[in-house]
Amino acid sequence: MQRILIIGASSAIAEATAREFARRGARLFLVARDPERLEAICADLRLRGATADGHVLDANDIPGHGAMLDAAWASLGTVDVALIAHGTLPDQAACSASVQLSLREFATNGTSVIALCAALAQRLQAPATLAVISSVAGDRGRASNYLYGSAKSAVSAFTSGLRQALNGSGVNVLTIKPGFVDTPMTAAFKKGALWATPAQVAAGIVRAVEKRRAVAYLPWFWWGIMRVITHIPEFVFRRIKL
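Residues numbered from 1 in each chain as written. Predicted model: local features only at pLDDT ≥ 70, side-chain atom pairs only at ≥ 80, totals over all residues. Heavy atoms only, no water.

Undergrad: Help me understand the overall build of the protein chain in this model?
TA: From N to C terminus, the protein chain includes nine helices and seven strands. In terms of overall dimensions, the protein chain is globule-like: its C-alpha atoms have a radius of gyration of 17 Å, near the 18 Å expected for 242 residues. For the C-alpha atoms alone, the extent of the protein chain along its principal axes is close to 55 × 40 × 35 Å. A total of 242 residues make up the protein chain; the buried ones form 49% of that total. If you take every contact in the protein chain between residues at least 6 apart in sequence, the share linking residues at least 24 apart comes to 70%. Accessible area of the protein chain: about 11,600 Å², with a carbon and sulfur share of 57%. Counting 26 positive and 17 negative side-chain charges, the protein chain places the averaged centre of each group 10 Å from the other. (Helix = DSSP H or I, 4+ residues; strand = E, 2+ residues; numbered from the N terminus. Rg over C-alpha atoms; globule rule 2.2 N^0.38 Å. Buried < 20%, exposed > 50% of the residue type's maximum accessible area, 1.4 Å probe, protein only. Contact = heavy atoms within 4.5 Å. Areas by Shrake-Rupley, 256 points an atom, 1.4 Å probe, with all protein chains shown as cover. Lys, Arg positive; Asp, Glu negative; His and termini not counted. Charge placed at Lys NZ, Arg CZ, Asp CG, Glu CD.)

Okay, here's the thing in structure tokens:
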């Protein structure tokens, strides 16, 4: 029985991933900031036959991370997989107009994630996996979402360095880079062929954890798309509307 910690468990991707792990007989400890939503997800997983405990925490409450992790280890005994899945999709125009909002959104999508990674790296033991949801948006800053992209870029760089630092320890660090995902957070966006469902991304996350991959673009074709985008010369890229 795998013991799974999911932080940001109320996100669509995290909830779908919890169901994937539950289907495999895992024991879960879920963390989210909305107590009612958290209990509803735990109740659903229990109806599916899983063992699921919850803990209420806003990930930006960095001093509260330690108590949350203490509770997770007390509940599970140890953690085989820790998935960090919380985040927001800020409005770039609003961020451009407000330094305060920019810093708050960067803290949610970047700083709080890095703080959790650092704390978990001190606790996880082989052969555990630390899985962290970043984004393809972190591969190159784009005018449409560069605040969000810069936070995800920081997460990707941090997990890359942490993966190298933990090499040989038996703890795997997995950086997850989804593309467009049809979730409540992206409800206002026009959908197309490149969009995936939370269930599709969740299945990819579980496969990547099982195969102990370093980086997972989800769906897989985003690897090729981002290779093209990252290799566009800057003098051309800055003239493109993306």
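On we go.
Undergrad: Hey, could you run me through helix α2 (residues 35-47) in this one?
TA: In this model, α2 (13 residues) spans 18 Å end to end at C-alpha, consistent with the 18 Å of a helix rising 1.5 Å per residue. Within the sequence span of α2, burial applies to L38, I41, C42, D44 and L45. The arc that holds the buried residues of α2, viewed along the axis, is 160 degrees, so those residues lie on one side. Turned more than 90 degrees away from the buried face of α2 sit E36 and L47, all of them exposed. For α2, the secondary structure elements touched by its buried residues are α1 (12-23), β2 (27-32) and β3 (51-56). You can read the cap of α2 off the contacts: a side-chain oxygen lies 3.1 Å from the backbone nitrogen of E36, and it is on D34. At the exit of α2 stands G49, carrying a positive phi of roughly 95 degrees. (Expected span 1.5 Å × (residues − 1). Arc of directions from axis to C-beta. Polar contact = N/O pair within 3.5 Å; in protein donor to acceptor, adjacent residues only side chain to side chain.)

Undergrad: Can you help me understand the nonpolar core in this one?
TA: The nonpolar side chains of a soluble globular protein tend to be buried with one another. Judged by nonpolar contacts, the single largest core of 34 residues is most densely connected at I6, L28, L30, L45, I176 and I205. Grouped together as the second largest cluster of nonpolar side chains are 26 residues, L5, W73, V79 and A82 included. (Core = buried A, V, L, I, M, F, W, Y, C linked by side-chain atoms within 4.5 Å.)

Undergrad: I tried to follow the packing of α1 against helix α7 (residues 198-210) on my own but got confused; where do I start?
TA: The relative placement of two packed helices is expressed as an angle between their axes plus a distance between the axes. Contact geometry for α1 and α7: axes closest at 8 Å, N-to-C directions at 55 degrees. The orientation of α1 with respect to α7, classified from their angle, is oblique. Where α1 crosses over α7, the two elements pack in a sense that is right-handed. Across from A12, I13, A16, T17, E20 and F21 in α1, the residues of α7 making contact are P198, A199, V201, A202, A203, I205 and V206. (Axes fitted to C-alpha atoms, helices over the stretch in contact; angles between N-to-C directions. Parallel < 35°, antiparallel > 145°, perpendicular 65-115°, else oblique. Left-handed = near helix turned anticlockwise from the far one by under 90°.)

Undergrad: Is there a simple way to think about the sheet that holds strand β1 (residues 3-7) in this case?
TA: The pairing of strands in a sheet happens through backbone hydrogen bonds and is either parallel or antiparallel. What the seven strands build is an open sheet, ordered β3-β2-β1-β4-β5-β6-β7; its pairing is parallel. The two strands at the open ends of the sheet, each matched to only one other strand, are β3 and β7 (215-218). Across this sheet, the average inter-strand angle for adjacent strands is 15 degrees, counted without regard to direction. Of the pairings in the sheet, the one linking strand β6 (residues 172-178) to β7 comprises four bridges and is parallel in character. Of the residues in β7, the one forming a bridge with T175 is V215. Packing against the sheet, helix α6 (residues 146-165) makes contact with β5 (129-133), β6 and β7, and its axis sits at approximately 155 degrees to β6. (Pairing = 2+ DSSP bridges.)

Undergrad: Before we go on, may I ask you to explain the pattern of salt bridges in this structure?
TA: Pairing of side chains with opposite charge becomes possible as their charged atoms draw close. In this structure the tally under the stated criterion is 13 salt bridges. Note that E20 and R24 form a salt bridge whose closest N and O atoms lie 2.8 Å from each other. Residue class for R24 comes out partly exposed when judged on its relative accessible area of 40%. Taken together, the shared-partner salt bridges connect E15, R19, R37, D44 and R48 into one network. (Salt bridge = Lys/Arg side-chain N within 4 Å of Asp/Glu carboxyl O.)

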